[in-house]
Amino acid sequence: MATDTYLEAEFQHGAAQHKLIGGIDYSFMEYTSRQGDGPNRFTPTSTYVPAINYVETQKQSSIGLYVQDQIELDAWRIGLGLRHDWHDSDYTSAGTGGSRNDSVTTGRASIGYVTSWNVMPYISYGTSYFANTGVILAGTQSQANPTRGKQYEIGVKYEIPDQNILLSAAYFDIRQEDASLYDTNTMSLRQLDLHSRGIEFEVTASLDNGLSFTGGYSYNDVEITKQTPATVGNQLNSSPYHMFSLWADYEVQSGPLEGLGVGAGVRYVGSSFGDDAHTRVINNGARTFVDAALRYDLGKLNDAMEGVKLQVNATNLLDEVNQVCTTGYCLFDEGRKLVASVKYNF
């Protein structure tokens, strides 16, 4: 269960224009895991039910207070944010248990300057906290540590005059302590430190003729900085260096087909390692997926149907299915998927 309640205000203070947001969120999670094992797991009728020999329970609640201010001062763009989390957790594992209580403050800040050429260089820095809900470190009888992070980013944005086209490029550097991953080799949770750095390029456009498109490329080097001697310095498993996506959408603006929209795109996922030890036999090859969408606004056909939209989305349209491995456990990509929906906005 989760709730988020906030207030938003826009006001002028001297020469500065402010957009202030403040709120509180609450989440609660409870689960019980019962596990059993025995000598007859594989039977001809698959009816063997082992006795329960391990029980794990956990309750977690979290309250967060946050405030952020987006400031425009002449050509300056300033962002400030502050958040405080209170997190309580009670757990039992194989008959023993304990509790954990955290009280953590995180924040972020950014500053940019819009030049007369519509170019805005910027820099940002932020810290993060994540409570690793619902996991217990096997064998240690203790809950996983929260994941703490630090990130800074430097980049530039350019808006093409009178075209509603935005181009952006950025370099980022993220450090995480006690990131959590489920290890299929040991069937338990493990924690490790990561250092991620790379570049991103993005373009978004929304043109007057009904055409819009988005595209992006990223290079991401996710290095393991703390784990086992055999894996420190390696790229994290299932983390491709290269990713690319492009999506185009067109909506008919007039005539008998007004309200009809079509979209199509391509996603490229580069090669990656199937485990942190970089075992060659389970490396993941590069993959390319094609997606598409078709929609129709019934309100354009009949005023009485205002707000009703029909839509069909297709992912992996060409049914490209390959093996993909994570922490040594291999599955297959999700095949072609079609989802039809009816939406009503009022």
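What you see is a predicted model, and the numbers here were worked out from it, not measured in a lab. (Residues numbered from 1 in each chain as written. Predicted model: local features only at pLDDT ≥ 70, side-chain atom pairs only at ≥ 80, totals over all residues. Heavy atoms only, no water.)

S.K.: Sorry if this is basic, but what is going on with the nonpolar core here?
M.R.: Inside soluble globular proteins, nonpolar side chains tend to come together where they are buried. If you look at the biggest cluster of nonpolar residues, it comprises 6 residues: Ala 179, Leu 192, Leu 194, Val 222, Ile 224 and Leu 236. Residue assignment for this core shows that the elements contributing at least two residues are β11 (188–206) and β12 (211–226). With sequence-adjacent residues up to four places away left out, Leu 236 is seen in contact with Leu 181, Leu 192, Leu 194, Val 222, Ile 224 and Asp 276. (Core = buried A, V, L, I, M, F, W, Y, C linked by side-chain atoms within 4.5 Å. Buried < 20%, exposed > 50% of the residue type's maximum accessible area, 1.4 Å probe, protein only. Helix = DSSP H or I, 4+ residues; strand = E, 2+ residues; numbered from the N terminus. Contact = heavy atoms within 4.5 Å.)

S.K.: Can you walk me through a nonpolar patch on the surface in this structure?
M.R.: A surface patch of nonpolar side chains, about 960 Å² in accessible area, is lined by Leu 73, Trp 76, Ile 111, Tyr 113, Ile 123, Tyr 125, Tyr 152, Ile 154, Tyr 171, Ile 199 and Phe 201. Looking at the nonpolar patch, the elements with two or more residues in it are β5 (96–113), β6 (119–130), β9 (147–160) and β11. Assignment of secondary structure puts Ile 199 in strand β11. Owing to a relative accessible area of 31%, Ile 199 belongs among the partly exposed residues under this scheme. (Patch = residues over 30% accessible without salt bridge, like charges linked within 9 Å, V, L, I, M, F, W, Y side chains within 5 Å. Areas by Shrake-Rupley, 256 points an atom, 1.4 Å probe, with all protein chains shown as cover. Salt bridge = Lys/Arg side-chain N within 4 Å of Asp/Glu carboxyl O.)

S.K.: For this particular structure, what's the right way to read the pattern of salt bridges?
M.R.: Proximity of charged atoms lets side chains of opposite charge pair with each other. All told, the structure shown has 13 salt bridges when counted by the stated rule. Among the salt bridges present, the one from Asp 102 reaches Arg 100, with a minimum N-O distance of 2.8 Å. Of the residues examined, Asp 102 reaches a relative accessible area of 14% and is grouped as buried. Where Asp 333 meets Arg 287, a salt bridge forms, and the shortest distance between an N and an O atom there is 3.0 Å. Here Asp 333 is found in the loop between β18 (329–332) and β19 (337–344), whereas its partner Arg 287 is found in strand β15 (residues 287–297), with 46 residues between them in sequence. One salt-bridge network, held together by shared partners, links Asp 25, Arg 83 and Asp 85.

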